[in-house]
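Chain residues, written in single-letter form:
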Amino acid sequence: MDLSDLNIFRTVVEAGGITKAADRLHRVQSNVTTRVRQLEEDLGVKLFIREGKRLHLSPAGQTLLTYAERLLTLAEEARASVQDATPRGVLRLGSMESTAGVRLPAPLTVFHKRYPEVTIELRTGNPAQLARLILEGELDAALVAEPIADEPFEKELIYREALVLIAPANQTAINFPSDSVSKTLLAFENGCPHRKRLEDWFADQGELPEKIIELGSYHAMLGCTVAGMGVSLLPAAVLDGFPMKEHLSTHPLPPGQDYAETVLIWRKGAGSPKIDALLEVLEETRPKKMFRRKKRTV
């Protein structure tokens, strides 16, 4: 039983017979008759009571008609929905924690007002985790820091974040890892691009951190830095609004290592009106001083 069979069945009922149904469907009568009989054989019931050339719905046929009308209506709704360019439904968005906390409140506020038929489900994680969830079909798009593999994804540059070393307020200038009073790194788990950049900076200078303390949030990282437990590498914007930032000092990395590019990624071939709408809002609400992403070409 498929939608085509149900449509033929419903048309026979509405037309009152095989001949008129065939005319409406632009089919030969024998084809309509065969399809109705095949449907009856598939279901194992008689759908019509035949009196000469006249057909009357059987009790089983009446039951099937109710379901056929519902299924065909749903099929039409589904067709219209996937062809509709209006953003609607659920947008499953992933984001790094710093981006979610610092950058997303403003664009998501605008997005919800502009596209009330879209519900955003937000999930945080590191770039590797978020990329995997997109490929597994659990996320539609995600905001992640480069580098990220090009092959499976479409991507758009959204933010260029200034990165700074964060240390206690009494720390003197850090030009090399050896200048840091503490050689303990405060970072997220493996997979965080900022952690890798900080580890690479130590390695490039022939240094190794004494210890790496893994923490679950930027607020915890900042608090532990205030307490003198170590140093961390964070987007500078994370400090905005932190109530104890006067107890911290910031130190730049060398040029070329002092920023991170955040891109919106989604699986190739899986673009949608919802993702286009999100891109539009992200660009509109981005701070003016940031790098402006190039217009997409079709």
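Residues numbered from 1 in each chain as written. Predicted model: local features only at pLDDT ≥ 70, side-chain atom pairs only at ≥ 80, totals over all residues. Heavy atoms only, no water.

Asks: Please give an account of the pairing of strand β7 (residues 184-187) that cites residues and values.
Replies: The side-chain alternation of β7 yields two buried faces, one formed by Thr184 and Leu186 and the other by Leu185 and Ala187. Bridge analysis of β7 against strand β8 (residues 211-214) gives four bridges, and the strand direction is parallel. By the bridge assignment, Thr184 is partnered in β8 with Lys211. Of the crossover connections in this fold, the one passing from β7 over helix α8 (residues 193-204) to the parallel β8 is right-handed. (Buried < 20%, exposed > 50% of the residue type's maximum accessible area, 1.4 Å probe, protein only. Helix = DSSP H or I, 4+ residues; strand = E, 2+ residues; numbered from the N terminus. Pairing = 2+ DSSP bridges. Right-handed = clockwise from strand over helix to strand, strands pointing away.)

Asks: Give a detailed account of the layout of surface pockets, specifying residues and quantitative values.
Replies: Here the largest pocket defines a volume of roughly 270 Å³. If you trace the largest pocket, you find 16 residues lining it, with Glu146, Pro147, Pro193, Lys196 and Arg197 closest to the centre. Looking at the lining of the largest pocket, the elements with two or more residues in it are α7 (127-135) and α8. Counting residues per element, the lining of the largest pocket draws most heavily on α8, which supplies six residues. Grouping the amino acids of the lining of the largest pocket by side-chain chemistry returns eight nonpolar, three polar and five charged. Of the voids in this model, the second largest pocket is the one considered here, and its volume is about 220 Å³. As for the second largest pocket, its lining consists of 16 residues, and the residues nearest its centre are Glu97, Gly125, Asn126, Gln129 and Phe188. (1 Å grid on protein atoms, 1.4 Å probe; cavity = no way out; pocket = protein on both sides within 12 Å on 5 of 7 lines; lining within 4 Å. Points joined across faces, edges and corners; volume = space filled by probe spheres on them. Nonpolar A, V, L, I, M, F, W, Y, C, P; charged D, E, K, R; others polar.)

Asks: So what's going on with the state of the cysteines? Residues and values would help.
Replies: Counted by the stated rule, this structure contains zero disulfides. The closest cysteine sulfur to the non-disulfide-bonded Cys224 is located on Cys192, 15 Å from its own sulfur. Look at Cys224 and you get buried, because its relative accessible area is 16%. (Disulfide = S-S within 2.5 Å.)

Asks: Lay out unusual backbone geometry with the relevant residues and their values.
Replies: Look at the link from Glu146 to Pro147: it is a cis peptide, with omega at 5°. Note on placement: Pro147 falls in the loop between β5 (141-145) and β6 (153-168). With a phi close to 60°, His26 is a non-glycine residue in the positive phi region. Within the secondary structure layout, His26 lies in the loop between α2 (18-25) and α3 (29-43).

Asks: Residue-level account of the pattern of salt bridges, with values.
Replies: Tallying each qualifying case throughout the model produces 17 salt bridges. Taking the shortest distance from any N to any O, the salt bridge between Glu146 and Lys155 comes out at 3.2 Å. Residue Glu146 is classed as partly exposed on the basis of its relative accessible area of 22%. Note that Arg195 is salt-bridged to Glu199, the shortest N-O span being 3.5 Å. In this pair, Arg195 and Glu199 both sit in helix α8, four residues apart, roughly one turn of the helix. For Arg195, a relative accessible area of 9% puts it in the buried group. (Salt bridge = Lys/Arg side-chain N within 4 Å of Asp/Glu carboxyl O.)

Asks: Provide a residue-level description of empty space enclosed by the protein, including the pertinent values.
Replies: Counted by the stated rule, this structure contains two cavities of 30 Å³ or more. Empty space within the largest cavity amounts to approximately 70 Å³. As for the largest cavity, its lining consists of 13 residues, and the residues nearest its centre are Ser98, Thr99, Glu161, Pro235 and Thr262. Every element with two or more residues in the lining of the largest cavity is listed here: α5 (97-102) and β11 (259-267). At three residues, α5 tops the list of elements feeding residues into the lining of the largest cavity.

Asks: Outline the packing of helix α1 (residues 3-15) against α3, supporting the account with residue identities and numerical values.
Replies: Running from N to C, α1 and α3 point in directions that differ by 110°, and their axes come no closer than 10 Å. In terms of orientation, α1 and α3 fall into the roughly perpendicular class. Judged by the sense of rotation from one axis to the other, the crossing of α1 with α3 is left-handed. Contacts from Ser4, Asp5, Ile8, Phe9 and Val12 in α1 reach Val32, Arg35, Val36 and Leu39 in α3. By residue class, the composition of the contact of α1 with α3 is six nonpolar, one polar and two charged. (Axes fitted to C-alpha atoms, helices over the stretch in contact; angles between N-to-C directions. Parallel < 35°, antiparallel > 145°, perpendicular 65-115°, else oblique. Left-handed = near helix turned anticlockwise from the far one by under 90°. Contact = heavy atoms within 4.5 Å.)

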